[in-house]
Amino acid sequence: MKLIVFYGPPAAGKYTIARAVAERTGYKLFHNHLTVDLLKSIFTFGTPEFFRLGQKICLDIFEQAAKENIPGVVFTFVYEKNTDDDFVRRLLERVEPHGGEIIFIQIYCEQEELLKRVKEDSRKQFQKVKSEEGLLKTLAGGNQISSIDFVDSTKIDSTHLTVEETVASVLDVLKTRS
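Each value, and the rule that gives it
- Residues numbered from 1 in each chain as written.
- Predicted model: local features only at pLDDT ≥ 70, side-chain atom pairs only at ≥ 80, totals over all residues.
- Heavy atoms only, no water.
- Pairing = 2+ DSSP bridges.
- Helix = DSSP H or I, 4+ residues; strand = E, 2+ residues; numbered from the N terminus.
- Axes fitted to C-alpha atoms, helices over the stretch in contact; angles between N-to-C directions.
- Parallel < 35°, antiparallel > 145°, perpendicular 65-115°, else oblique.
- Left-handed = near helix turned anticlockwise from the far one by under 90°.
- Contact = heavy atoms within 4.5 Å.

Asker: Outline the sheet that holds strand β4 (residues 101-108), supporting the account with residue identities and numerical values.
Answerer: In space, the 5 strands of this open sheet follow the order β2-β3-β1-β4-β5, with parallel pairing throughout. Pairing within the sheet leaves two strands with one partner each, and these edge strands are β2 (28-31) and β5 (153-157). When the angles between neighbouring strand axes are averaged without regard to direction, this sheet yields 20°. Bridge analysis of strand β1 (residues 2-7) against β4 gives 6 bridges, and the strand direction is parallel. Paired with Phe-6 across the strands is Ile-105, a residue of β4.

Structure follows, in structure tokens:
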């Protein structure tokens, strides 16, 4: 199984890019808001229980997908330096022993562009940050623009790229990793 992990700050375009990559590759899409929205229906966002259960769900699903040799899964999440390092390490520990390969792709863009994108209608489908104020508060709460130091990541600056251009870059990365 190939697990493609798109990470970066809110409104960088992770979901839009991941959806297009999943469509073009035939891989399954497991975006972060599947678990976030599920858990928000019962637990308060940001509580220890919320994050513990969210990580458990993801880890269990990805490990089982690797065991079942699902060809590919595309995953999105907002990585926060230090806070999410343990999750990433456990992800590696749960997927790689079963023959899974994890490809990390950091999607980022300039803050001015994030502030424009956060208000787009496409964000209303899920319980995402939808305002400039909310985005600035989220970005101030932790380091969500850093790369994951201990894995090899491809970095794509989507500030001035169309979705198609960004997807083409991702597909090129996947071809070189085949």
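Asker: For the packing of helix α2 (residues 33-40) against helix α3 (residues 48-67), give the residues involved together with the corresponding values.
Answerer: One way to put it is that α2 packs onto α3 with a least axis distance of 10 Å and a crossing angle of 140°. Taken together, the axes of α2 and α3 lie oblique to each other. Handedness of the α2/α3 crossing: right-handed. Along its contact with α2, which presents Thr-35, Val-36, Leu-38, Leu-39 and Lys-40, the element α3 presents Phe-50, Leu-53, Gly-54, Ile-57 and Cys-58.

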